[in-house]
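Residue-level structure breakdown
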Amino acid sequence: MKLKYNPYHMRYEPAEEDWELKYNPATGEYQYAPPGAELTYNPFVGRATFIPTAKYNPYTGQYEAVPEDWELDYDPFSGLHRYGPKG
């Protein structure tokens with residue numbers, strides 16, 4: 001997984017090489033998603049998402065929709081703890 005620029009959020013976000021930006025009408029945002037991904041309601045985050053798994057982030061006190069193999073790590077650029085690809 002690498003970082004791809006999301007011009008709608010004006011930041012880099014983790015995404016696989018073949019993932020594409022898709023509009024999520026439930027959140028009103030564009031997000032990277034696997035090709036052919038369908039929106040799925042995620043009860044942990046209370047909204048529809050293209051990535052159906054969710055993990056708890058104790059630093060924010062919320063569940064976040066992330067792939068299963070992502071780990072919580074400190075992001076020195078934002079000063080926040082975020083989920084991202086291993087390694």
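The structure under discussion appears in the preceding block.
Predicted model only: the values in this text are computed from it and were never measured.

1. Section: the overall build of the chain
Along the backbone of the chain there are zero helices and ten strands. Counting from the amino terminus, helix and strand elements in the chain follow one another as β-β-β-β-β-β-β-β-β-β. In terms of C-alpha radius of gyration, the chain reaches 13 Å, essentially the compact-globule figure of 12 Å for 87 residues. Along the longest, intermediate and shortest principal axes, the C-alpha atoms of the chain span 30 × 25 × 20 Å. Here the chain holds 87 residues, and 26% of them are scored as buried. Residue pairs at least 24 apart in sequence account for 13% of intrachain contacts in the chain once pairs closer than 6 positions are excluded. Only carbon and sulfur atoms are counted for the fraction: they give 51% of the accessible area of the chain, which is about 5900 Å².

2. Description of unusual backbone geometry
Within the chain, M10 stands out as a residue other than glycine whose phi angle is a positive 55°. Structurally, M10 is set in the loop between β1 (2-6) and β2 (11-15).

3. What about the pattern of salt bridges?
This structure, assessed with the given rule, holds four salt bridges. Note that E20 and K22 form a salt bridge whose closest N and O atoms lie 4.0 Å from each other. Residue E20 is classed as partly exposed on the basis of its relative accessible area, which comes to 38%.

4. As for the pairing of strand β9 (residues 71-75)
As paired elements, β9 and strand β10 (residues 80-84) share five bridges and run antiparallel to each other. Opposite D75, over in β10, you have L80 as the bridge partner.

5. Some thoughts on the environment of L72
Within the secondary structure layout, L72 lies in strand β9. When its relative accessible area of 29% is taken as the criterion, L72 is described as partly exposed. Residues within four places of L72 in sequence aside, it is in contact with N57, P58, Y59, H81, R82 and Y83.

6. Brief notes about the environment of K2
Take K2: it is sitting in strand β1. Residues K2 and E38, spaced 36 residues apart in sequence, show a C-alpha to C-alpha distance of 22 Å. Residues in contact with K2, not counting those within four places in the same chain, are E13, P14, A15 and E17. A distance of 3.4 Å separates a polar atom in the side chain of K2 from a polar atom in the side chain of E17.

7. Here's the deal with a negative patch on the surface
A cluster of acidic residues, E16, D18, E68, D69, E71 and D73, forms a negative patch at the surface. Residue position: D73 is located in strand β9.

8. Examining the side chain of N24
The topology assignment puts N24 in strand β3 (residues 20-24). Residues within four places of N24 in sequence aside, it is in contact with E29, Q31, L39, A48, T49 and F50.

Calculation notes
- Residues numbered from 1 in each chain as written.
- Predicted model: local features only at pLDDT ≥ 70, side-chain atom pairs only at ≥ 80, totals over all residues.
- Heavy atoms only, no water.
- Helix = DSSP H or I, 4+ residues; strand = E, 2+ residues; numbered from the N terminus.
- Rg over C-alpha atoms; globule rule 2.2 N^0.38 Å.
- Buried < 20%, exposed > 50% of the residue type's maximum accessible area, 1.4 Å probe, protein only.
- Contact = heavy atoms within 4.5 Å.
- Areas by Shrake-Rupley, 256 points an atom, 1.4 Å probe, with all protein chains shown as cover.
- Salt bridge = Lys/Arg side-chain N within 4 Å of Asp/Glu carboxyl O.
- Pairing = 2+ DSSP bridges.
- Polar contact = N/O pair within 3.5 Å; in protein donor to acceptor, adjacent residues only side chain to side chain.
- Patch = residues over 30% accessible without salt bridge, like charges linked within 9 Å, V, L, I, M, F, W, Y side chains within 5 Å.
- Lys, Arg positive; Asp, Glu negative; His and termini not counted.
- Charge placed at Lys NZ, Arg CZ, Asp CG, Glu CD.

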